[in-house]
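Single-letter residue listing:
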Amino acid sequence: MSDQFAALDIEATGMDPARHDVIEVAVVVFSREREIDRFSSLIRPRGHLSLDMAGLTGIDPRELRSAPSIDQVAPIIRRMTAGRPIVGHSVELDVAMLGAAGVNLPGAVYDTHLLATLL
């Protein structure tokens, strides 16, 4: 098992990977001892951000107009998660959303929501 992990979180225009877009991504690489690296970025969606999702996420749709595309940040996400188990709260949906956007993240995934529920 790797001694480093990649914590992943995204925000999206909805919860259906086939229909909705990632609009924000954050990755923190860490070990037991310390934080190693971090990245976060808004991401320009193909469509628009609904008012209800803007309210839920706190993201101003105007900020998304000048944000990079998912293709522009994909290499950073891949580099930061490569060879590291991915952890996050309900992270399977995050990984599925990124996969639908063309950012496939192979490897182990640990859901902190599931782990917390079991504990």
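Above this text you will find the structure in question.
Scope of this entry: the structure provided in the associated data block. All figures in this text were calculated on a predicted structure; none of them were measured in a lab.

### Some words on helix 3 (residues 70-81)
Next up, step 1: For helix 3, with twelve residues, the first-to-last C-alpha span of 15 Å sits near the 16 Å given by 1.5 Å per residue.
Next up, step 2: Along helix 3, the residues that are buried comprise Ile 70, Val 73, Ala 74, Ile 77, Met 80 and Thr 81. Each buried residue of helix 3 sits inside an arc of 140° when the element is viewed along its axis, so together they form one side. Of the exposed residues in helix 3, those oriented more than 90 degrees away from the buried face are Asp 71, Gln 72 and Arg 79.
Next up, step 3: Buried-residue contacts for helix 3 involve strand 1 (4-12), strand 2 (22-31), strand 3 (35-42), strand 4 (86-88) and helix 4 (91-100).
Next up, step 4: Positive backbone phi, approximately 75°, marks Gly 83, located one or two places after helix 3.

### Points about the nonpolar core
For soluble globular proteins, the rule of thumb is that nonpolar side chains tend to be buried together.
Next up, step 1: Membership of the largest hydrophobic core comes to 22 residues, with the highest contact counts inside it found for Leu 8, Ile 10, Val 25, Ile 77 and Leu 98.
Next up, step 2: Among the elements of the structure, strand 1, strand 2, helix 3 and helix 4 are those that each provide at least two residues to this core.
Next up, step 3: Counting residues per element, this core draws most heavily on helix 3, at five residues.
Next up, step 4: When sequence neighbours within four positions are dropped, the list of residues in contact with Ile 77 reads Val 25, Ile 70, Leu 98, Val 103 and Leu 105.
Next up, step 5: Residues Leu 49, Met 53, Ala 54 and Ile 59 belong to the second largest nonpolar core, which totals six residues.

### Quick word on the pairing of strand 2
Next up, step 1: Strand direction decides the pairing type here: strand 1 and strand 2, joined by nine bridges, are antiparallel. Bridging from a neighbouring strand, Ile 10 pairs with Val 25 of strand 2.
Next up, step 2: Two elements, strand 2 and strand 3, share seven bridges in a ladder whose sense is antiparallel. Across the sheet, Val 28 pairs through a bridge with Arg 38, a residue of strand 3.

### Considerations on the sheet that holds strand 3
Strand pairing in a sheet relies on backbone hydrogen bonds. The paired strands run either parallel or antiparallel.
Next up, step 1: Spatial ordering of the open sheet is given by 3-2-1-4-5, a layout of five strands whose pairing is mixed. Of all the strands in the sheet, the pair left with one neighbour each is strand 3 and strand 5 (109-111). The average undirected angle you get between the axes of adjacent strands in this sheet is 20°.
Next up, step 2: Of the strands in this sheet, strand 1, strand 2, strand 3 and strand 4 are in contact with helix 3, which crosses strand 3 at around 155°.
Next up, step 3: Sitting on the sheet, helix 4 touches strand 1, strand 2, strand 4 and strand 5, and the angle it makes with strand 1 is about 75°.

Basis of the calculations
- Residues numbered from 1 in each chain as written.
- Predicted model: local features only at pLDDT ≥ 70, side-chain atom pairs only at ≥ 80, totals over all residues.
- Heavy atoms only, no water.
- Helix = DSSP H or I, 4+ residues; strand = E, 2+ residues; numbered from the N terminus.
- Expected span 1.5 Å × (residues − 1).
- Buried < 20%, exposed > 50% of the residue type's maximum accessible area, 1.4 Å probe, protein only.
- Arc of directions from axis to C-beta.
- Contact = heavy atoms within 4.5 Å.
- Core = buried A, V, L, I, M, F, W, Y, C linked by side-chain atoms within 4.5 Å.
- Pairing = 2+ DSSP bridges.
- Axes fitted to C-alpha atoms, helices over the stretch in contact; angles between N-to-C directions.

Take it as geometry only, folks, not as evidence of what the structure does.
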